[in-house]
Amino acid sequence: MTEILSINNRHNFKLSLRLTLSENSDKLVFLLHGLGARNDYPHMLVMEEAFAKHGYNVVNIDTTNSNNESDKSEDGITFSGTYNEI
């Protein structure tokens with residue numbers, strides 16, 4: 001089962017998360033795309049599917065400024081901004 005959730009980071013920007021739950025799983029993995037990428041790029045979806053297939057609950061995070069569903073900030077994409085966001 002996969003669903004899209006939204007949370008706010010400490011700067012009150014919306015972060016979009018794709019949560020994939022596996023039945024009876026006690027394993028968890030977080031996926032975070034690289035700078036300038038998106039959580040729905042093919043390689044991210046392949047990793048999400050592979051972890052779920054092996055019994056992991058998967059949280060695929062879409063960071064801000066990623067040209068996807070999360071909010072944008074005036075600072076743009078930076079390594080320190082992405083690091084501090086999570």
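Residues numbered from 1 in each chain as written. Predicted model: local features only at pLDDT ≥ 70, side-chain atom pairs only at ≥ 80, totals over all residues. Heavy atoms only, no water.

Now for the sheet that holds strand 1 (residues 2–8). An order of 1-2-4-3 is seen for the four strands of this open sheet, with the pairing classed as mixed. Two strands close off the open sheet at either side, each with one partner strand: strand 1 and strand 3 (27–32). For this sheet, the mean inter-axis angle between neighbouring strands, taken without regard to orientation, is 25°. Across six bridges, the pairing between strand 3 and strand 4 (residues 56–62) is parallel. Bridging across to strand 4, F30 finds its partner in V59. Taken strand by strand, helix 1 (residues 42–53) contacts strand 1, strand 2 (14–20), strand 3 and strand 4, and its axis lies near 160° from that of strand 4. (Pairing = 2+ DSSP bridges. Helix = DSSP H or I, 4+ residues; strand = E, 2+ residues; numbered from the N terminus. Axes fitted to C-alpha atoms, helices over the stretch in contact; angles between N-to-C directions. Contact = heavy atoms within 4.5 Å.)

As enumerated under the stated definition, the model contains one aromatic pair in all. Measuring from centroid to centroid gives 5.3 Å for F51 and Y56, while their planes differ by 80°, and the two rings are edge-to-face. (Phe/Tyr/Trp six-rings, centres within 6.5 Å; stacked < 30°, edge-to-face > 60°.)

These results come straight from atomic positions and should not be treated as a statement about function.
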